[in-house]
Amino acid sequence: MQLVDTHVHINFKDFQTDLDAVRDRWLHNGVTRLVHSCVSPDEFEQIQMIADRFPEVSFAVGLHPLDKNLNTMGWNPEIGDRIKTLAKSDRRVVAIGETGLDFFKSDSKTAQIEAFKSQLRTARSLNLPVIIHSREAAEATREVLQELNAEAPSEPIRGVMHCWAGSPEETQWFVDLGMYISFSGVVTFKNAHDLHESAKIVPSDRLLVETDCPFLAPVPKRGKRNEPAYVLHVAESVAKLRDVQLSALAEQTTNNAFTLFSLA
């Protein structure tokens, strides 16, 4: 059985002392590929070094909507140019992101939307998928995607709603827009009732799993540092919710990850 953790941050300081042991555990749990997300282009070289060390790691480049400079100084188009240049510089770049909108912790909606649109256009110009972060901003995220798709109807934005926590109605919005939906450890929480229903309605060929480590460790590891090995628990939970065998869920989500991210 193989699994792909489609969203990790193993460059964070949480993993500085034991990354080799962390890798042993993800391999033991059948995690054969990882997609490393990026919250700032300043991380790019560090993420490249991790991919040099672990060949099963592919990665993205982008700017997170809660970036401190974005939220204090606004969007700088030069950052967009840098993201595009970096994305073209390494064949292991498989996506743009993470980008998106987060209205939970920030009031800088205008700057976030501008940065999001720029990165969506970069993804389209490079024929790459986009990794989308959307928190308390589902309607605005939908509107931006609809606007960008209207600009170029023959080249719709493709990508994934990562660490998805939306309602079934919101889930259907993004499925209808052609997006993949990725579930994290939140789907294992017993009180996440709306999310459980969302996990049941995503078409099988649009379904992904992730950890978003080091955040949001799934049950039975909740409260601990999250790590890629724990994507197995996410997959187990999603399989149970969808009433399918774990092996079938693992095969489908792995195939989906290889398709979306064009993994070799």
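Everything numeric here is computed off the predicted structure, so don't read it as measured data. Each residue is numbered by its place in its chain's sequence as written, counting from 1. With the structure being a predicted model, the display of local features is reserved for residues of pLDDT at least 70 and the display and counting of side-chain atom pairs for 80 or more, all residues being used for whole-chain, interface and lining totals. To get the side-chain values, all heavy atoms of the structure are used, and hydrogens and water are removed first.

Peer 1: Outline the UniProt feature "binding site: a divalent metal cation 2" (unreviewed entry) in the chain, supporting the account with residue identities and numerical values.
Peer 2: UniProt positions are given in the numbering used here, feature names are shortened, and annotations may be inferred rather than shown by experiment. Following the UniProt record, one finds the feature "binding site: a divalent metal cation 2" (unreviewed entry) at Glu98, His133 and His162. The greatest C-alpha distance among the annotated residues, which extend across 65 residues, is 8.6 Å, indicating that they converge on a single site. When you line up the elements, glutamate 98 lands in strand β4 (residues 93-102). Contact criterion: two residues are considered in contact whenever any of their non-hydrogen atoms come within 4.5 Å of each other. Residues within four places of glutamate 98 in sequence aside, it is in contact with His7, His9, Ser37, Cys38, Val39, Gly62, Leu63, His64, Pro65, Ile131, His133 and His162. Pairs of N or O atoms within 3.5 Å make up the polar contacts considered here, provided that, within protein, one atom can donate a hydrogen while the other can accept it, and that residues adjacent in sequence are counted only when both atoms are side-chain atoms. Side chain to side chain, glutamate 98 and histidine 7 meet in a polar contact 2.9 Å long. Secondary-structure assignment places histidine 162 in the loop between β6 (159-161) and α7 (168-176). Sequence-distant contacts of histidine 162, defined by excluding residues within four places in its chain, comprise His7, Glu98, Ile131, Ile132, His133, Ser182, Glu210 and Asp212. Only 3.3 Å separates the side chain of histidine 162 from the side chain of histidine 7, close enough to count as a polar contact. Runs of E in the DSSP output that reach at least two residues are strands. Runs of H or I that reach at least four are helices, and both are numbered from the N terminus.

Peer 1: Go over the sheet that holds strand β1 (residues 3-8), please, and point to the residues and values.
Peer 2: In sheet architecture, strand pairing relies on hydrogen bonds along the backbone and comes in two forms, parallel and antiparallel. A strand pair is defined by DSSP finding two or more bridges across the two strands. Read across the sheet, 8 strands follow the order β1-β2-β3-β4-β5-β6-β7-β8 without closing on themselves; strand pairing throughout is parallel. Of all strands in the sheet, those bounded by a partner on one side alone are β1 and β8 (207-209). Strand-to-strand twist in this sheet, taken as the mean axis angle between neighbours without regard to direction, amounts to 30°. In this sheet, β4 lies alongside strand β3 (residues 57-61) in parallel orientation, the contact comprising 3 bridges. Note on β4: the bridge partner recorded for valine 61 is isoleucine 96. Think of each axis as a best-fit line through the C-alpha atoms, taken over the contacting stretch in the case of a helix, with angles from 0 to 180 degrees between the N-to-C directions.

Peer 1: Provide a residue-level description of the pattern of salt bridges, including the pertinent values.
Peer 2: Any Lys or Arg side-chain nitrogen found within 4 Å of a carboxyl oxygen on Asp or Glu counts as a salt bridge. If you walk through the whole model with that rule in mind, you get 14 salt bridges. A salt bridge links glutamate 147 to lysine 117; its shortest N-O distance comes to 3.0 Å. Residue glutamate 147 is located in helix α6 (residues 138-151), and its partner lysine 117 is located in helix α5 (residues 109-125); the two are separated by 30 residues in the primary sequence. We classify lysine 117 as buried; its relative accessible area is 18%. When salt bridges that share partners are traced, they join Asp18, Arg25, Arg225 and Glu227 into one network. Burial classes follow relative accessibility: with a 1.4 Å probe on protein chains only, a residue under 20% of its type's maximum area counts as buried, one over 50% as exposed, and anything between as partly exposed.

Peer 1: Give me the lowdown on the environment of leucine 249, citing residues and values where you can.
Peer 2: Within the fold, leucine 249 resides in helix α10 (residues 246-260). Residue classification places leucine 249 among the buried residues on the basis of a relative accessible area of 3%. Sequence spacing of leucine 249 and lysine 68 is 181 residues, and the spatial spacing of their C-alpha atoms is 38 Å. In this structure, leucine 249 is in contact with Leu207, Ala235, Val238, Ala239, Arg242 and Val244, ignoring residues within four places of it in sequence.

Peer 1: Please set out the pairing of strand β5 (residues 130-135) residue by residue, giving values where relevant.
Peer 2: Counting buried residues along β5, 5 of its 6 residues qualify, which places the element largely inside the surrounding structure. One ladder, built from 5 bridges, connects β4 with β5; its direction is parallel. Each residue of the ladder has a partner; that of isoleucine 96, found in β5, is valine 130. By the bridge criterion, 3 bridges tie β5 to β6 in an arrangement that is parallel. Along β6, the bridge assignment pairs isoleucine 132 with methionine 161. The β-α-β motif built from β5, the intervening α6 and the parallel element β6 has right-handed crossover chirality. Handedness of a crossover is defined as follows: orient the strands so they point away from the viewer, and if the path from the first strand over the helix to the second runs clockwise, the crossover is right-handed.

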